Amino acid sequence: MMKDFDKMLAGSLQLEEPWYIKGAEFRAEEGAIHVNVGIRPGARLVCPKCGKATKRYGYEPGERIWRHADCLFYPCYVHCKRPRVLCDECGIIQINAPFERKNSRFTLMFEGYAMLIMADMPRRKASRLLRCDEKSLTAILKYWVDDAVEKMDLSDVKNMAIDETSFKKGHDYATVAIDADKRRVFDVQHGRGKEAVAEVRKKLEKHGGKAENMRSVTSDMSASYLPAVKENFPEALQVVDKFHVKQIMLKALDQVRTEEQRAAEDKKTIFAYRKLFWVPEGKMTEKQRNRFQALAKSYPKTGRAFRMVQALDIVYAAETFEQAEKSFRKLYSWMRRSRLEPMKKAALTLKAHSTEILNYFHNRKTNAIAEGLNSMIQAGKRKARGFNTFEGFASMIYLIVGKLDLAVANPLS
Ligand SMILES: [Zn+2]
């Protein structure tokens with residue numbers, strides 16, 4: 001039984017001869033398991049620097065301790081005094097143990113498990129479950145994510161979406177770049193200005209990509225992204241995405257609603273019905289439709305504005321560019337003639353970017369794929385909550401939506 005236990009432990013530590021388990025003990029007062037690892041005294045060793053056979057030259061002065069993955073739910077610690085070698089070429093060199101990453105106080109298996117847990121829950125919760133402080137977890141996360149990001153191959157990125165996203169409770173911003181075909185985040189830059197877009201280009205080129213190979217770039221219509229995209233990706237078709245167009249419409253609708261509500265006596269109903277406005281055209285249930293009709297009767301301005309929002313859904317349902325262009329024009333003139341100030345203003349914004357908005361229909365398939373990425377990023381953000389630094393936030397976004405090829409083993413696979 002004890003022998004099998006040693007075997008299991010050795011496996012989890014990737015120990016092979018001449019490394020072996022000297023012993024393991026359970027310390028009841030501490031509620032922890034301690035494992036001693038050693039190396040056979042007569043073992044043949046090679047210099048880790050040049051690979052030549054060499055001789056052991058004593059051991060490091062003090063014993064080192066690594067935190068290992070829990071064993072029977074008890075924290076497990078590995079103790080080892082690692083040997084040194086004296087190489088003719090390289091001098092005295094410290095040998096690393098098979099279970100460690102250089103300079104880490106955790107075993108590789110612990111780190112692999114920690115990465116799994118962190119991908120699944122907010123950092124504070126992960127810290128509690130793993131019984132490991134948040135700072136150490138962040139260091140583990142950053143190491144493996146940076147390692148994988150450094151090795152990213154971006155030579156075939158052809159369709160990209162960029163978007164701003166806030167972090168630190170909305171006090172700071174990042175620009176996220178997405179490969180629309182592979183549906184993954186490939187870059188996270190601090191800030192949301194022109195420089196961020198230039199940095200995305202640099203990153204792409206550093207990893208084998210070419211700015212002139214970019215066929216389309218999708219973004220919101222902000223004054224910093226659109227010109228910066230044109231400058232850095234001159235060959236790309238510029239597209240303003242559906243999500244942001246709809247946002248402009250909904251914001252205008254909300255203004256119409258607020259004004260009408262202010263004038264009304266019944267202040268609650270119209271607010272309670274606000275969720276209805278998010279239901280896309282064609283997706284309403286019978287009950288929702290009836291509710292809306294009742295609402296539109298008592299609040300005709302809000303009702304009209306909402307019908308315009310629905311008309312936008314019809315624009316996006318178009319199957320051809322010509323169809324889309326026609327219904328977009330129709331919607332624009334309807335909004336302009338509406339005598340609803342916020343809708344009239346929104347119409348001008350849409351008109352100013354109509355080329356980029358309608359470009360969506362030139363590259364419809366890819367853009368449809370790029371949609372939904374926003375919800376992906378939101379999922380990453382929820383887990384990145386609790387990170388106060390840009391680096392921590394960026395690492396988490398990469399981990400959740402970067403489809404990273406992590407070098408650390410997943411202990412469950
Ligand atoms: Zn050497």
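In this text the structure is predicted, and so the values were computed from the model without any measurement. (Residues numbered from 1 in each chain as written. Predicted model: local features only at pLDDT ≥ 70, side-chain atom pairs only at ≥ 80, totals over all residues. Heavy atoms only, no water.)

1. Regarding the sheet that holds strand 3 (residues 45-46)
- Spatial ordering of the open sheet is given by 3-4-7-8, a layout of four strands whose pairing is antiparallel. Bordering the open sheet on either side are strand 3 and strand 8 (91-94), each of which pairs with just one other strand.
- In terms of strand pairing, strand 3 meets strand 4 (residues 53-59) through two bridges, oriented antiparallel. In the sheet register, valine 46 faces strand 4, and the bridge partner there is alanine 53. (Pairing = 2+ DSSP bridges. Helix = DSSP H or I, 4+ residues; strand = E, 2+ residues; numbered from the N terminus.)

2. A few points about the coordination of the zinc ion
- For the zinc ion, the full set of protein donor atoms is Cys47 (SG), Cys50 (SG), Cys87 (SG) and Cys90 (SG), at a range of 2.3 Å.
- Each of the four donor atoms around the zinc ion contributes to a set of angles spanning 106 to 113°, which defines the coordination as tetrahedral.
- Between consecutive donors of the zinc ion, the numbers of intervening residues give the motif C-x2-C-x36-C-x2-C. Of this pair, cysteine 50 sits in the loop between strand 3 and strand 4 while cysteine 87 sits in strand 7 (residues 83-87), and the two are 37 residues apart along the sequence. (Donors = N, O, S within 2.8 Å, 3.2 Å for Na, K, Ca; no water. Tetrahedral: all angles 85-135°; square planar, octahedral: opposite > 155°, others 65-115°.)

3. As for the sheet that holds strand 6 (residues 74-80)
- Reading across from one edge, 1-2-6-5 is the order of the four strands in this open sheet, with mixed pairing throughout. The open sheet is flanked by strand 1 (19-27) and strand 5 (64-71), the only strands paired with a single partner. Neighbour to neighbour, the strand axes of the sheet diverge by 25° on average, direction disregarded.
- By the bridge criterion, eight bridges tie strand 1 to strand 2 (residues 32-39) in an arrangement that is antiparallel. Residue glutamate 25 lies in a different strand from strand 2, and its bridge partner there is histidine 34. (Axes fitted to C-alpha atoms, helices over the stretch in contact; angles between N-to-C directions.)

4. Re the nonpolar core
- With 58 residues, the main nonpolar core has Met115, Met118, Phe186, Val188 and Phe233 as its most contacted residues.
- Per-element accounting of this core gives the leading share, eight residues, to helix 16 (residues 390-401).
- The contacts of methionine 118, once residues within four sequence positions are left out, are Ala126, Leu137, Leu141, Met396 and Leu399.
- Counting residues in each nonpolar core, the second largest holds 42 residues, with Tyr299, Phe306, Leu331 and Ala346 among its members. (Core = buried A, V, L, I, M, F, W, Y, C linked by side-chain atoms within 4.5 Å. Buried < 20%, exposed > 50% of the residue type's maximum accessible area, 1.4 Å probe, protein only. Contact = heavy atoms within 4.5 Å.)

5. Let's talk about the domain arrangement of the protein
- By the assigned domains, the protein splits into domain 1 (1-100) and domain 2 (242-367).
- Measuring from the centre of the C-alpha atoms in domain 1 to the corresponding centre in domain 2 gives 65 Å. (Domains from an automatic or database assignment.)

6. So, the side chain of glutamate 260
- Along the polypeptide, glutamate 260 turns up in helix 7 (residues 242-263).
- One buried charged side chain, glutamate 260, makes no salt bridge at all; its nearest oppositely charged neighbour is lysine 301, positioned 5.9 Å away.
- Of the polar contacts made by the side chain of glutamate 260, one reaches the backbone nitrogen of lysine 301; its length is 3.0 Å. (Lys, Arg positive; Asp, Glu negative; His and termini not counted. Salt bridge = Lys/Arg side-chain N within 4 Å of Asp/Glu carboxyl O. Polar contact = N/O pair within 3.5 Å; in protein donor to acceptor, adjacent residues only side chain to side chain.)

7. Notes on a nonpolar patch on the surface
- A contiguous nonpolar surface patch, about 320 Å² in accessible area, is contributed by Phe26, Leu72 and Tyr74.
- Among the structural elements, tyrosine 74 can be located in strand 6. (Patch = residues over 30% accessible without salt bridge, like charges linked within 9 Å, V, L, I, M, F, W, Y side chains within 5 Å. Areas by Shrake-Rupley, 256 points an atom, 1.4 Å probe, with all protein chains shown as cover.)

8. Remarks on the packing of aromatic side chains
- If you walk through the whole model with that rule in mind, you get 11 aromatic pairs.
- With centroids separated by 4.7 Å and ring planes inclined at 50°, the aromatic side chains of phenylalanine 26 and tyrosine 74 adopt a geometry described as tilted. Of this pair, phenylalanine 26 sits in strand 1 while tyrosine 74 sits in strand 6, and the two are 48 residues apart along the sequence.
- The exposure class of phenylalanine 26 is partly exposed, given its relative accessible area of 42%.
- With relative accessibility at 35%, the residue tyrosine 74 sits in the partly exposed group.
- With a centroid separation of 4.9 Å and 90° between ring planes, the pair formed by tyrosine 143 and tryptophan 144 is classed as edge-to-face. (Phe/Tyr/Trp six-rings, centres within 6.5 Å; stacked < 30°, edge-to-face > 60°.)

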